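Structural description and commentary
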Amino acid sequence: MEADLPIIGVLDLQGAVQEHVRVLERLGVPVRRVRLSEEIEQVDGLIIPGGESTTVGKLLERRGMDVTIRRRCEEGMAVFGTCMGLIMLAQRIEGSDQQRLGLMDIGVRRNAFGRQVDSFEADLTIPALGSEPVPAVFIRAPIVTDVGADVEVIAEWDGVPVAVRQGRCLGAAFHPELTDDTRFHAMFVAMAGEERNAKG
Ligand code: GLN
């Protein structure tokens, strides 16, 4: 029943693409790898995986994909950014004028946990996903430094926001695609499904 499910694209320019594809396949959702602007027209939701935000920002601009993503979002497409993807979604990036999509009213600080703590795992309490803690893997992760009035903080670690939602945009500083817990992706698929159903 592929027609009833939202089609989810995974931005395939750099980074942890295959891991997201695998989680979506486990959920039984139709997946497309997105490398070109035209391919963004065909998806109801787009995942921007982890990677290097300065590189991906430049690639998006060079391919005209930044403009297409912003327009598709206005039309109702859902977007989910993990780690570097969260940085791309932010309107404000501390100390940097690097390219970004700027779709969420948040500020971020890159590599916020410092060199001492390159990567770590933590169990997060995310009420929106139920009472069972969500395992989270942080890799040179950003943190959210400030949020606008329309932004909902859905997870914190040590008092700092690490997952946020605004309209159909979802961002996580960590990597839900690197664990067996599919709840975060399921939440995003539901958000993208709202768009598909609204279109009728
Ligand atoms: N540190 C990277 C950046 O700032 C993000 C790291 C990641 O996505 N795992 O672009």
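That block above? That's the structure.
As the structure is a computational prediction, the values presented were derived from the model and not from experiment. (Residues numbered from 1 in each chain as written. Predicted model: local features only at pLDDT ≥ 70, side-chain atom pairs only at ≥ 80, totals over all residues. Heavy atoms only, no water.)

**Describing the site of the ligand**
With respect to spatial proximity, the complete set of residues near the ligand consists of Gly-50, Gly-51, Glu-52, Ser-53, Cys-83, Met-84, Ile-87, Arg-110, Asn-111, Ile-139, Arg-140 and His-175. For the ligand, an oxygen atom lies 2.7 Å from a polar atom in the backbone of Ser-53. Given that more than half its atoms are within 2 Å of the pocket grid, the ligand belongs to the largest pocket. Tallied by class, residues from the shell around the ligand come to four nonpolar, five polar and three charged. (Near = heavy atom within 4 Å. Polar contact = N/O pair within 3.5 Å; in protein donor to acceptor, adjacent residues only side chain to side chain. 1 Å grid on protein atoms, 1.4 Å probe; cavity = no way out; pocket = protein on both sides within 12 Å on 5 of 7 lines; lining within 4 Å. Sits in = over half its atoms within 2 Å of the grid points. Nonpolar A, V, L, I, M, F, W, Y, C, P; charged D, E, K, R; others polar.)

**Some remarks on the nonpolar core**
Judged by nonpolar contacts, the single largest core of 65 residues is most densely connected at Phe-138, Phe-174 and Phe-184. Ranked by residues supplied to this core, first place goes to helix α6 (residues 183–199) with six residues. Contacts of Phe-138, omitting those with residues within four sequence positions, involve Phe-113, Asp-118, Ser-119, Phe-120, Ala-122, Leu-124, Trp-157, Val-162, Ala-173 and Phe-174. (Core = buried A, V, L, I, M, F, W, Y, C linked by side-chain atoms within 4.5 Å. Buried < 20%, exposed > 50% of the residue type's maximum accessible area, 1.4 Å probe, protein only. Helix = DSSP H or I, 4+ residues; strand = E, 2+ residues; numbered from the N terminus. Contact = heavy atoms within 4.5 Å.)

**Observations concerning the sheet that holds strand β9 (residues 143–147)**
Reading across the sheet, the three strands line up as β5-β6-β9 and stay open at both edges, with mixed pairing between neighbours. The sheet is open, and its two borders are formed by β5 (90–93) and β9, each paired with just one other strand. The sheet shows a mean angle of 35° between the axes of neighbouring strands, direction not considered. Summarising the sheet, strand β6 (residues 104–109) and β9 pair through four bridges and their orientation is antiparallel. Note that in β9 the partner of Gly-107 across the bridge is Asp-146. (Pairing = 2+ DSSP bridges. Axes fitted to C-alpha atoms, helices over the stretch in contact; angles between N-to-C directions.)

**Points about unusual backbone geometry**
Among all residues except glycine, the phi angle is most often negative; among peptide bonds, the trans geometry is most common. Even without glycine at this site, Asn-111 takes up a positive phi of about 45°. Mapping Asn-111 onto the fold places it in the loop between β6 and β7 (119–124). Here the phi dihedral of Arg-140 falls at roughly 40°; this positive angle occurs in a residue that is not glycine. Locating Arg-140 in the fold gives a position in the loop between β8 (134–139) and β9. In this structure Arg-140 comes out as partly exposed when scored by relative accessible area, which is 45%.

**Quick look at the packing of aromatic side chains**
Summed over the entire model, instances satisfying the criterion amount to 10 aromatic pairs. Ring centres 5.4 Å apart and planes at 40° place the aromatic pair Phe-80 and Phe-188 in the tilted group. With Phe-80 in strand β4 (residues 78–82) and Phe-188 in helix α6, this residue pair connects regions lying 108 residues apart in the sequence. Residue Phe-188 is classed as buried on the basis of its relative accessible area of 0%. Seen from their ring centres, Phe-113 and Phe-120 are 5.0 Å apart, and the 75° between their planes marks the pair as edge-to-face. Given the relative accessible area of 15%, Phe-120 is considered buried. (Phe/Tyr/Trp six-rings, centres within 6.5 Å; stacked < 30°, edge-to-face > 60°.)

**Looking at the pattern of salt bridges**
Counted under the stated rule, the structure contains 13 salt bridges. A salt bridge links Asp-105 to Arg-92; the shortest N-O distance between them is 3.0 Å. Placement of the pair is Asp-105 in strand β6 and Arg-92 in strand β5, with a sequence separation of 13 residues. On the basis of relative accessible area, Asp-105 is assigned to the partly exposed category, the value being 24%. (Salt bridge = Lys/Arg side-chain N within 4 Å of Asp/Glu carboxyl O.)

**Quick look at the sheet that holds strand β10 (residues 152–157)**
Spatial ordering of the open sheet is given by β2-β1-β3-β4-β12-β11-β10, a layout of seven strands whose pairing is mixed. In this open sheet, the two strands that pair with only one neighbour each are β2 (31–34) and β10. Between one strand axis and the next, the sheet turns through 20° on average, direction left out of account. Where strand β1 (residues 8–11) and strand β3 (residues 45–48) come together, three bridges link them in parallel fashion. If you follow Gly-9 over to β3, its bridge partner there is Leu-46.

**Quick notes on the side chain of His-175**
The topology assignment puts His-175 in the loop between β12 (169–172) and α6. Not counting residues up to four positions away in its chain, the partners in contact with His-175 are Gly-50, Cys-83, Val-137 and Ile-139.

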